[in-house]
Every structure is written in structure tokens, then in C-alpha cells.
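One letter stands for each residue in the lines below.
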Amino acid sequence: GAVVSQHPSRVICKSGTSVKIECRSLDFQATTMFWYRQFPKKSLMLMATSNEGSKATYEQGVEKDKFLINHASLTLSTLTVTSAHPEDSSFYICSASIGSRETQYFGPGTRLLVL
Amino acid sequence: DAKTTQPPSMDCAEGRAANLPCNHSTISGNEYVYWYRQIHSQGPQYIIHGLKNNETNEMASLIITEDRKSSTLILPHATLRDTAVYYCIVRPLNNDMRFGAGTRLTVKP
């Protein structure tokens, strides 16, 4: 149980385009989902927290207009990187929990490369 | 702003117990100790968590000192597949999961 999937697993795009990453909880309903970013040889950095049906809460320094998060259902959250630039290239990982008070389960990650 | 301190790296012989320490001297009464691990190029995997009492599951055991200022994750019989970065995280139940640098465990044949 507690399986979280991400799609795509890796994506290459041109600078200036937008990329959408999906995060799904496969066997539980996730009222809260989290998005992280991880640069090479670094730890995970929390980008934002989203609760189903409400606006995401972004960490300081994360541009909400650049990283659009939608948590439209209890099993799906999407992260859209708008007008991607090479410095946005990173490993993006989502996690989900039944509630904000519960254990988080992580997806396998999406590797984004912006050329 | 991780509230934990872990050694950057450790080695362990295959088949032996791996004991990973974590210091969290500023832990508050309502904060849990969580352990995750991340195998290269994958998302973190939940291992175990606890508040005060020692915990055990099919993956590992978590030993928390009586003053709760430190803990140890024990993998009883390490295998090569246990090679990963192990993260110790202190977190109130209704708060975000924030990762420190973790311990890179290398299990050697």
C-alpha cells in the first residue's frame, strides 16, 4: 500500500516551454501533497504544500507564478514549470499523505532537463 | 533548517547490522523522529517513525534515547540493496517534512 506515482519519469524540453508533471496516489486518498526539488548531490528542498481543493502554500523563494500547482482531486496533483529555463533542470519529487498529520509517501521522481 | 545531525557517511559489511545515529538535541515534545532512505535517482522511501518508544517493523528498528535527544536506526542484516542515503527527520505530526544532508550508507560485500 501507500504507492505514489509520477509521470513522466524524465522529460527534456526547450527553454521557454512549459512542462507538466503529474503526481498520483494510487491506493489511498491524499488530502495533502508536497512538491520537492533536488539538485545533484544535494538534499530535497520543499517547494510547496497543497491541500485538495485549495491553493498551494509555497516556500519562501519559490515563485508561485513559475511553478503552478493544482491539486484538483484526492488522488492527483500537478506541477507545471512555466517558461522553463536551464536552471530549472532538476529532479522533482512529489509526496502524498492521507492528511497533513500523517506519514508522507514519495513518488519516484521526475528528472527535468531544459536545453 | 534541519533539526538533526547525522554523520555524512558510513560503511557496513554485508550481513552485519547497520547502526545509523542521529542527534536531535532540540527536539520538542510533540515532534516525531522519522527515517527515510533514498536510493540513487529514486524518490525517498519511508522506513519507520516514532515518538518516545522504540519501534520495529519489517525493515528496521528505531531506538530513541530516554531524553529523546538522539536516536539510532538499525538495519539488522544489511544487504547490498540497503546502500542509500538515510535521512533522519524531526517533525511535528502536522508539519512539513524537511530534509537534511543525511548519511550515505555503503554496504560492502
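Small disclaimer: the values here were computed from a predicted structure and weren't measured. (Residues numbered from 1 in each chain as written. Chains lettered and ligands numbered in written order. Predicted model: local features only at pLDDT ≥ 70, side-chain atom pairs only at ≥ 80, totals over all residues. Heavy atoms only, no water.)

J.: Describe the overall build of chain A, and please don't skip the residues or the numbers.
T.: Looking only at helices and strands, chain A has zero helices and eleven strands in total. Listing each helix as α and each strand as β along chain A from the N terminus yields β-β-β-β-β-β-β-β-β-β-β. Rg of the C-alpha trace for chain A: 13 Å, near the compact-globule value of 13 Å for 115 residues, within the 12% margin. Principal-axis analysis of the C-alpha atoms places the extent of chain A at approximately 35 × 25 × 25 Å. Expressed as a percentage of the 115 residues in chain A, the buried residues total 51%. Distance between charge centres in chain A, computed from 12 positive and 9 negative side chains, equals 6 Å. (Helix = DSSP H or I, 4+ residues; strand = E, 2+ residues; numbered from the N terminus. Rg over C-alpha atoms; globule rule 2.2 N^0.38 Å. Buried < 20%, exposed > 50% of the residue type's maximum accessible area, 1.4 Å probe, protein only. Lys, Arg positive; Asp, Glu negative; His and termini not counted. Charge placed at Lys NZ, Arg CZ, Asp CG, Glu CD.)

J.: How would you summarise the state of the cysteines if you had to cite specific residues and measurements?
T.: Inspection of every chain in the model, using the stated rule, returns two disulfides over all chains. Note on cysteine connectivity: C23 of chain A is disulfide-linked to C94 of chain A, with sulfurs 2.0 Å apart. Across the S-S bond linking C23 of chain A and C94 of chain A, the dihedral sits near 80°, which makes this disulfide right-handed. With C23 of chain A in strand β3 (residues 19-25) and C94 of chain A in strand β9 (residues 90-97), this residue pair connects regions lying 71 residues apart in the sequence. Each member of the pair, C23 of chain A as well as C94 of chain A, carries the same accessibility label: buried. The disulfide bridge from C22 of chain B ends at C88 of chain B, spanning 2.1 Å between sulfur atoms. Taking the sign of the S-S torsion, -80° for the link of C22 of chain B and C88 of chain B, the bridge is left-handed. Highlighted residues: C22 of chain B in strand β2 (residues 18-23) and C88 of chain B in strand β8 (residues 84-92), separated in sequence by 66 residues. On the basis of relative accessibility, which here comes to 1%, the residue C22 of chain B falls in the buried class. (Disulfide = S-S within 2.5 Å.)

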